[in-house]
Amino acid sequence: MARHRGAYSLYPRNFGGKTYYYYRTYTPTGQRTSGVSTGCTSRSAARKYCDELLAAGMLYTGVSMTFRQYAEHFFDEGSIWYEDRKIQGYIARSTVELYQRRMKRYMIPLLGTLRLCDINSTVIKDFRNKCKANKGKELSNGFINKIMSQLHTVIASAVNDGYIMRDPFYGMKFLNEPKVRRDAFTLSELQGVISASYVPDVWYTIALACTGMRPSEMLAVRLSDVKSAGGLKYIELDKQFFRGEICPVKTRNSRVVPISEKLYGFLETIAQDENTPLFRATYARYVADFKAAVVASGIPEDERARRLLTLHALRHFFTTNTKASGVPSIKVEAVTGHKVEKGTGAVYTNFAVADLTEIAQWQDLTLGLLLPAVQSTARPSYRGRRRSV
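Report on the accompanying structure.

The rules behind each value
- Residues numbered from 1 in each chain as written.
- Predicted model: local features only at pLDDT ≥ 70, side-chain atom pairs only at ≥ 80, totals over all residues.
- Heavy atoms only, no water.
- Helix = DSSP H or I, 4+ residues; strand = E, 2+ residues; numbered from the N terminus.
- Buried < 20%, exposed > 50% of the residue type's maximum accessible area, 1.4 Å probe, protein only.
- Contact = heavy atoms within 4.5 Å.
- Areas by Shrake-Rupley, 256 points an atom, 1.4 Å probe, with all protein chains shown as cover.
- Axes fitted to C-alpha atoms, helices over the stretch in contact; angles between N-to-C directions.
- Parallel < 35°, antiparallel > 145°, perpendicular 65-115°, else oblique.
- Left-handed = near helix turned anticlockwise from the far one by under 90°.
- Phe/Tyr/Trp six-rings, centres within 6.5 Å; stacked < 30°, edge-to-face > 60°.
- Lys NZ or Arg CZ within 6 Å of the ring centre and 35° of its normal.
- Core = buried A, V, L, I, M, F, W, Y, C linked by side-chain atoms within 4.5 Å.

In terms of regular secondary structure, the protein is built from 15 helices and 10 strands. Put simply, the protein has 389 residues, and 46% of those count as buried. The contacts of the protein with a sequence gap of at least 6 include a subset with a gap of at least 24, amounting to 65%. Carbon and sulfur atoms form 50% of the exposed surface of the protein, whose accessible area is close to 20,400 Å².

Take the packing of helix H4 (residues 93-111) against helix H5 (residues 121-133) next. The N-to-C vectors of H4 and H5 enclose an angle of 130°; their axes lie 11 Å apart at closest approach. Between H4 and H5, the interaxial angle falls into the category oblique. Crossing of H4 against H5: the hand is right-handed. Of the residues in H5, those in contact with Tyr106, Met107, Leu110 and Leu111 of H4 are Val123, Phe127, Lys130 and Cys131.

For the structure shown, the criterion picks out 15 aromatic pairs. Taken together, a centroid distance of 5.1 Å and an interplanar angle of 70° make the contact between Phe75 and Tyr99 edge-to-face. Of this pair, Phe75 sits in the loop between helix H2 (67-71) and helix H3 (80-88) while Tyr99 sits in helix H4, and the two are 24 residues apart along the sequence. Exposure class is identical for Phe75 and Tyr99. Each is buried. Feature note: the residues Tyr70, Phe74, Phe75, Trp81 and Tyr99 constitute an aromatic cluster, connected by ring pairs. In this structure, Lys233 packs its charged tip against the face of Tyr264, placed 5.1 Å from the ring centre.

Moving on to the nonpolar core. One finds Phe185, Trp203, Ile206 and Phe279 to be the most contacted residues of the largest nonpolar core, which totals 61 residues. At 8 residues, the largest contribution of residues to this core is made by helix H8 (residues 201-211). Those residues in contact with Ile206 that sit more than four places away from it in its chain are Ile194, Phe266, Leu367, Leu371 and Val374. Formed by 32 residues, the second largest nonpolar core is a distinct cluster that contains Tyr70, Met107, Leu139 and Met148.

Take a look at the structure:
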């Protein structure tokens, strides 16, 4: 359409001595469409009519491609979108799979049969309302916003390709998202969870609480990953085991996680060998068993839901308690991989291993408080599936 002056052109036709104005538009390849009557008898009225259609995204473009035809494989590996993201940097397979699931579950069923040229702001708002209802199971505003953001990626591409005359998302705002704070376990609560945990699953819980790693990051750790410098052991954390594959950590930035002597000795006792992952059950198994232990510990259901006391809350236990013990916030955030406000914006800060001795000291203290809560040192065989290693 770049070689045409406007989105449409007007021309008159005479019927029975009376003049009516028609409009033509252009396909993405630059071909002129057949004329469509405006029903107007003056050029100015016809132009106003067409401008209103254009503003509403309803101007006929002569394109019959449906949303399904255009978008069904939009996020597949090998697509233009996928290859463009690869050029920009690493794209996780889990992200691609997530986008594909949303496309199949929400977008295709609700928008698939519509022509792209018929998708306007009213259609988009109706789609959002139907997603919100979700067959009686209302979705959160945050989740709806993620679906809408993904849909906008597709629609913006269709606009750029000339299939839609005007972006129907123009002027649309995100839904308000209530701020939810994930709480941390107290020491006594965590001791109760550990007492109710299965062995050896309990070792996974203790390791997460003492290092602040994400659950997926801990699944990738081998004893051989532990290095030593300046008299302090540490892990240069740069990978995670996520959705069946080893991939870079979430932030794409490696970071140093100190390992105290007592913690290293603890890891040695549970290691099968130096090159086998320390924790070999599936993530789903660890999540299920941890939830069962939290329930068995006696924390009420409404409190668990309100405080979001999941496996990830162990990371918050680490953050909260290291800061409370006097470790500077900037060091704690460097170990956990959180962004730190510094200078002109958010950055990831790294420290030398020797600068993190305070955290190693905290690990020794915390292990001394958690290990007595383990009721048994027996190591029964895994009840669930193991990962391939």
